[in-house]
Amino acid sequence: MKCNVAVVFMHDYLDGDLAREDTLQLQQHLKHCPACLSRYESLERTDAFVKAMPMEKAPDNLSYRIMKSLPSSRRPAAWTSWVRRHPAVSAAAIFMVVMLSSFVSMWNQSQELSVSGPDLEHVVFEGRTVIVPAGQKVTGDLTVVNGDVQVLGDLEGNLTVIDGSVKPLASTAHIAGQVKTIDRAVDWFWYKVSSYFGTLAYGS
Amino acid sequence: MKPLETRLARLALKGDQRAFAEIVDLYKDKLYHLAYRMTGNRQEAEDVVQETFLRVYKNLDRYDENQKFSTWIYRIATNLCIDRLRKRKAIYSLDAESSDHEGLDGYAMLPSDGRTPESELLLSETQRLIHEAIATLPVKYKSVMILRYLQELSLQEISDVLDMPVTTVKTRVHRGREFLRRKLEHKL
């Protein structure tokens, strides 16, 4: 056996990776080659010393610091994965939230009487009632929110009443355009009904 | 039944902090030992261990249960150590021999280990010599030698951790061993 082969065998032997026959060959070589024997002994010592290095223990409070350094909770991740798995329901839920919030804000802001139209000079207010007095002529459309309307005179345009009512027309009254009443409570009711069916469909 | 670590990893993924704490307890000393031998520095070793567990925690959902948990966690820790050593090398170029100081490389020009707190816990001259010999190993041999000798991983496991063929691992163990022998033979 040549010495360079013997060196490879030595390493394989120290790795616990040398076949029995090869080990016997190496043994024979070491008996006759003092240089290789001394090299083997040196390698063996190195191995033993390195293996004997004591285990370094982590400082006592390291576990605590590690646990504290973790992001506080994995729950947000679980939440986002739920959203990823149910895109349609999530989109519907967000839509509902947006609609509801805008609806609520509109509902709250429009409690007071407001009247709009190009010709408000000839209109009289009495509490929450908007009156077009007898003998007066109002030109253009008239829109009333959160109030009742009583028409005694002429209205040369459309009348729109939101969340209010139109009192029976007097015989002197004349409205050139259309009369339209919108009840937002109906919308509210419709919302209630649809969200009720929504909870039936998806669970609360 | 799956191995303990795999079950703990699953529980931790579901948000069980105590399961993760158990993983930390199982591996903190092994990883600290690995990182300390790799970096030769206690503070850096702590940083590496902390960073390793943070990465494990964040990537639990990517853990492939077909591989051993230990392989996965050792890979993360070893790569973090190698990154640090490379960055450090880029700054000091420790392996380059200096022309002004014959026979001294960058390591020898760092403040001597003998005076720093690093060696305070080394009980004997022998331990100090081995510690220094390991510290001077080139990075590619160092990771292999540490996994082999101080973590007692098999050649196959090392090949999985470092993602290289077993034959390469073997060659590096042999060269690393020769390197240490040359460093130590006249001193011990």
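Computed from a predicted model, the values in this text were never measured in an experiment. (Residues numbered from 1 in each chain as written. Chains lettered and ligands numbered in written order. Predicted model: local features only at pLDDT ≥ 70, side-chain atom pairs only at ≥ 80, totals over all residues. Heavy atoms only, no water.)

1. Some thoughts on unusual backbone geometry
All names here are of chain B. Of note, Glu 152 is a non-glycine position whose phi angle comes to about 55 degrees, a positive value. Mapping Glu 152 onto the fold places it in the loop between α7 (139-150) and α8 (155-162). Glu 152 gets classed as exposed once you look at its relative accessible area, which sits at 65%. Even without glycine at this site, Asp 163 takes up a positive phi of about 55 degrees. With respect to the helices and strands, Asp 163 occurs in the loop between α8 and α9 (166-184). (Helix = DSSP H or I, 4+ residues; strand = E, 2+ residues; numbered from the N terminus. Buried < 20%, exposed > 50% of the residue type's maximum accessible area, 1.4 Å probe, protein only.)

2. A closer look at the UniProt feature "domain: Putative zinc-finger" (unreviewed entry) in chain A
Following the UniProt record, the feature "domain: Putative zinc-finger" (unreviewed entry) maps to residues 3-36 of chain A here. Helix makes up 82% of residues 3-36 of chain A and strand 0%, with an end-to-end C-alpha separation of 7 Å. (UniProt positions renumbered as here; feature names shortened; annotations may be inferred.)

3. Concerning the pairing of strand β6 (residues 148-151) of chain A
All names here are of chain A. Burial along β6 is one-sided: Val 149 and Val 151 are buried, and none of Asp 148 and Gln 150, which face the opposite way, are. In terms of strand pairing, strand β3 (residues 129-132) meets β6 through 4 bridges, oriented parallel. The residue of β6 that forms the bridge with Val 132 is Val 151. (Pairing = 2+ DSSP bridges.)

4. Observations regarding the sheet that holds strand β9 (residues 174-175) of chain A
All names here are of chain A. Judged by pairing direction, the sheet is parallel, and its 3 strands sit side by side in the order β4-β7-β9 without closing on themselves. Pairing within the sheet leaves two strands with one partner each, and these edge strands are β4 (137-139) and β9. Sheet topology places strand β7 (residues 154-156) next to β9; 2 bridges connect them, and they run parallel. By the bridge assignment for β9, Asp 154 is matched with His 174.

5. Observations concerning α8 of chain B
Residues and elements named next belong to chain B. Most of α8 sits out of view: 6 of its 8 residues are buried. Among the residues of α8, Leu 155, Glu 157, Ile 158, Ser 159, Val 161 and Leu 162 are the ones counted as buried. At the exit of α8 stands Asp 163, carrying a positive phi of roughly 55 degrees.

6. A closer look at the sheet that holds strand β5 (residues 142-145) of chain A
All names here are of chain A. The strand order across the open sheet formed by 4 strands is β1-β5-β8-β10, and the pairing between neighbours is mixed. Two strands close off the open sheet at either side, each with one partner strand: β1 (114-116) and β10 (179-182). Averaged over all pairs of adjacent strands, the angle between strand axes in this sheet comes to 10 degrees, irrespective of strand direction. Bridge count between strand β8 (residues 159-162) and β10: 4 bridges; the pairing is parallel. Its bridge partner being in β10, Ile 162 is matched across the sheet by Ile 182. (Axes fitted to C-alpha atoms, helices over the stretch in contact; angles between N-to-C directions.)

7. Here's the deal with the packing of helix α1 (residues 3-14) of chain A against helix α3 (residues 34-51) of chain A
All names here are of chain A. As a packed pair, α1 and α3 sit with axes 11 Å apart at the nearest point and diverge in direction by 25 degrees. As the angle between them shows, α1 and α3 are arranged roughly parallel. For the pair α1 and α3, the sense of crossing is right-handed. Note on element contacts: α3 touches α1 through Cys 36, Arg 39, Tyr 40, Leu 43, Glu 44 and Asp 47, opposite Cys 3, Ala 6, Val 7, Met 10, His 11, Tyr 13 and Leu 14. Class assignment for the residues of the contact of α1 with α3 results in 9 nonpolar, 1 polar and 3 charged. (Parallel < 35°, antiparallel > 145°, perpendicular 65-115°, else oblique. Left-handed = near helix turned anticlockwise from the far one by under 90°. Contact = heavy atoms within 4.5 Å. Nonpolar A, V, L, I, M, F, W, Y, C, P; charged D, E, K, R; others polar.)

8. So, the confidence of the model for chain B
Residues and elements named next belong to chain B. In the predicted model, chain B carries a mean pLDDT of 83, and the fraction of residues at 70 or more is 81%. For chain B, helix α5 (residues 106-109) is the element with the lowest average pLDDT, namely 50, and α9 is the one with the highest, namely 94. Within the model, the stretch residues 98-103 combines pLDDT values under 50 with 4 contacts to residues more than four positions away or in other chains. In this model residues 111-116 is a low-confidence stretch, pLDDT under 50, and it forms 6 contacts with partners more than four residues away in sequence or in other chains. (pLDDT = per-residue confidence, 0-100.)

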